[in-house]
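Structural description and commentary
As a plain string of letters, each chain reads:
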Amino acid sequence: MATQVTLKNNFITATNSRAGEIERITRDILKHPESGYKEVRTSQIVDEWFRANGLAVKNGIAKTGLVGVLDTGVPGPHVAVIGELDSLVVPDHKHADAKTGAAHACGHHAQIGAMLTVANGLIKDDVKHALVGKISFMAVPAEEYIELEFRELLRESGEIEFFGGKQEFIRLGLFDDVDIAMLTHTGTDSFGTFGIHGSSNGMIGKTIQYIGKASHAGGSPHLGVNALNSALLGLSGIHAQRDTFRDSDTVRVHPIITKGGASVNSVPSDVHLETYVRASNIPAILSTAEKIDRALRAGALATGAQVRIITNPGYLPTKYDRSLTEIYRHNAASLVGDDNVIPRNHGTGCSDIGDVSHIIPTIQPTVNAATGEGHGVDYVVTNYELAVLKSGKAMGMTIIDLLADHGRLGTRVANSFNAPMTINSYLARMRAFRSDITYET
């Protein structure tokens, strides 16, 4: 039986041999960004690569998601390696799609490349035959919680239930027998490093519709009910709540107007907003959401409009597994040095990896290979060797630690995890977030 050092060397040799090919795929995805539940082309590229490399593929999961499975044929832990298919919508980004405004301003294309790097190294016979268990390479849609009205239409038509791709994978049973999950996200902290530990906020999403009464804006504005004024008052009410948010809860509320009226010469009668309510813990999310709803209702009450508030489950705060992180840290340090594996602080963004982290041991380290501001026009992955190749190597070597030696370490990590939620209790919790209420005045 080969030692783990030999297995890792074999794995690294395999990843190096096709690094150029996988970087080309990664850059191709960058040039053809697609936002959530629309990642048709990206999904097809991953599907073709999985099949060409002998993985068992299941596609069409949550519309555009897919899984490629490497089964060693020997019972053992089941590890999921995750890559996110979707992009943001940042029209001014230099790699934005000219028609849709979609752009990889968060580096998800590099996640796909890192996932393929892991798969490429583990499928080799001199690695695979020394492992036990299964590895599922999950290409998931719709991590970015955007285009809420579009996703609400998908939900109403029965195509999805949840707005996040990993949530849909959980609901559809793809995580039922998974023991451990990992994903590496690009970042910009201390360029050239890996970031470990840390945490992030959770959130819920709201879509709001103010319903007024149209009339001639010049000739008879007194006969109308101005829904835009209602919305502006509601937004002012939200801003008036900000000094009630505790710093320790890291609350973030940032609404936008997605429809401000039909025409300039008609009193606006149909105005739409979207907002998140983010915080570091569920009680703070719920208490803040109550304040936001009160403010939105006050805007309607002041003008005599109606307001419909739809609340959808967002993402749970992350809880990264410390023992799994330490295994990963050792492997990352072997690639970049101990001093270049740095601790992360709490982040006020959100991701549906937080949902996964509540049911199985999960890590999402960062690979700091990008410049600019996340979700901004200047966010660009600039070091593909680090973002794709070394990122994939760190995860792949961690999987070797977990699944070699009869899977003893992977079994220990899985068995020592004290899950905050079962899958059933998770689904119940998320469904309880949802509401759809119209307030009359």
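That block above? That's the structure.
Keep in mind that what you see is a predicted model, and the values were worked out from it rather than measured. (Residues numbered from 1 in each chain as written. Predicted model: local features only at pLDDT ≥ 70, side-chain atom pairs only at ≥ 80, totals over all residues. Heavy atoms only, no water.)

**Quick word on the sheet that holds strand E16 (residues 341-343)**
This is how it is decided: Pairing between strands requires that DSSP locate at least two bridges from one strand to the other. Only DSSP runs of H or I with at least four residues qualify as helices, and only runs of E with at least two residues qualify as strands; both kinds are numbered from the N terminus onward. Contact definition: two residues touch when any of their heavy atoms are within 4.5 Å. Lines fitted to C-alpha atoms define the axes here, with helix axes fitted over just the stretch in contact, and angles between the N-to-C directions of these axes take values from 0 to 180 degrees.
Taken in spatial order, the four strands make up an open sheet running E8-E19-E9-E16, and their pairing is mixed. Two strands lie at the open edges of the sheet, namely strand E8 (185-186) and E16, each paired on one side alone. When strand E9 (residues 194-196) meets strand E19 (residues 366-367), the two strands line up antiparallel, connected through two bridges. Looking at the pairing, Gly 195 lines up with Thr 366 of E19. Strands in contact with helix H10 (residues 322-336) are E9 and E16; relative to E9, the strand with the most contacts, it is inclined by about 165 degrees.

**Things to note about unusual backbone geometry**
Quick reminder of the rule: Only protein chains enter the accessibility calculation, which uses a 1.4 Å probe; a residue is then buried when its area is under 20% of its type maximum, exposed when over 50%, and partly exposed in between.
For Glu 147, which is not glycine, the phi torsion reads 50 degrees and is therefore positive. Examined against the element boundaries, Glu 147 turns out to sit in the loop between strand E6 (134-140) and helix H6 (148-156). Even without being glycine, His 375 reaches a positive phi, approximately 70 degrees. We classify His 375 as partly exposed; its relative accessible area is 41%.

**Observations concerning the side chain of Thr 15**
Within the element layout of this structure, Thr 15 appears in helix H1 (residues 4-17). Here Thr 15 falls in the buried class, since its relative accessible area comes to 1%. Beyond its immediate stretch of four places on either side in the chain, Thr 15 contacts Thr 117, Asn 120, Gly 121, Leu 389 and Lys 393.

**As for the packing of aromatic side chains**
Filter applied, for reference: In this analysis, rings of Phe, Tyr and Trp, with Trp reduced to its six-membered ring, are considered paired at centre separations within 6.5 Å, and the interplanar angle assigns stacked below 30 degrees, edge-to-face beyond 60, and tilted for intermediate values. The criterion for a charge sitting over a ring is simple: Lys NZ or Arg CZ within 6 Å of the ring centre, and within 35 degrees of the ring normal.
Under the criterion given, the structure shown has five aromatic pairs. A ring pair is formed by Tyr 145 and Phe 163, whose centres lie 5.6 Å apart and whose planes are at 40 degrees; its orientation type is tilted. Of the two residues, Tyr 145 sits in the loop between E6 and H6 while Phe 163 sits in the loop between H6 and helix H7 (165-171), which places them 18 residues apart along the sequence. For Phe 163, a relative accessible area of 1% corresponds to the buried category. Here the aromatic residues Tyr 145, Phe 163, Tyr 276 and Tyr 315 are joined through ring pairs into a cluster of three or more. The aromatic ring of Phe 433 is capped on one face by Arg 429, whose charged end is 4.1 Å from the ring centroid.

**A few points about the sheet that holds strand E3 (residues 78-84)**
The six strands lie next to each other as E1-E2-E6-E3-E7-E18, forming an open sheet whose pairing is mixed. Each edge of the sheet is formed by a strand with only one pairing partner; in this case those strands are strand E1 (56-61) and strand E18 (362-363). Where E3 and strand E7 (residues 180-182) come together, three bridges link them in parallel fashion. In the sheet register, Val 81 faces E7, and the bridge partner there is Met 182.

**Re the nonpolar core**
Here is the rule: The criterion is simple. A nonpolar core is a set of buried Ala, Val, Leu, Ile, Met, Phe, Trp, Tyr and Cys residues joined through side-chain atoms within 4.5 Å.
Of all hydrophobic cores here, the largest spans 131 residues; its most connected members are Leu 122, Phe 137, Met 138, Phe 175 and Tyr 210. Ranked by the residues each element gives to this core, the list is headed by helix H12 (residues 384-403), at eleven residues.

Nothing here speaks to function; it is geometry throughout.
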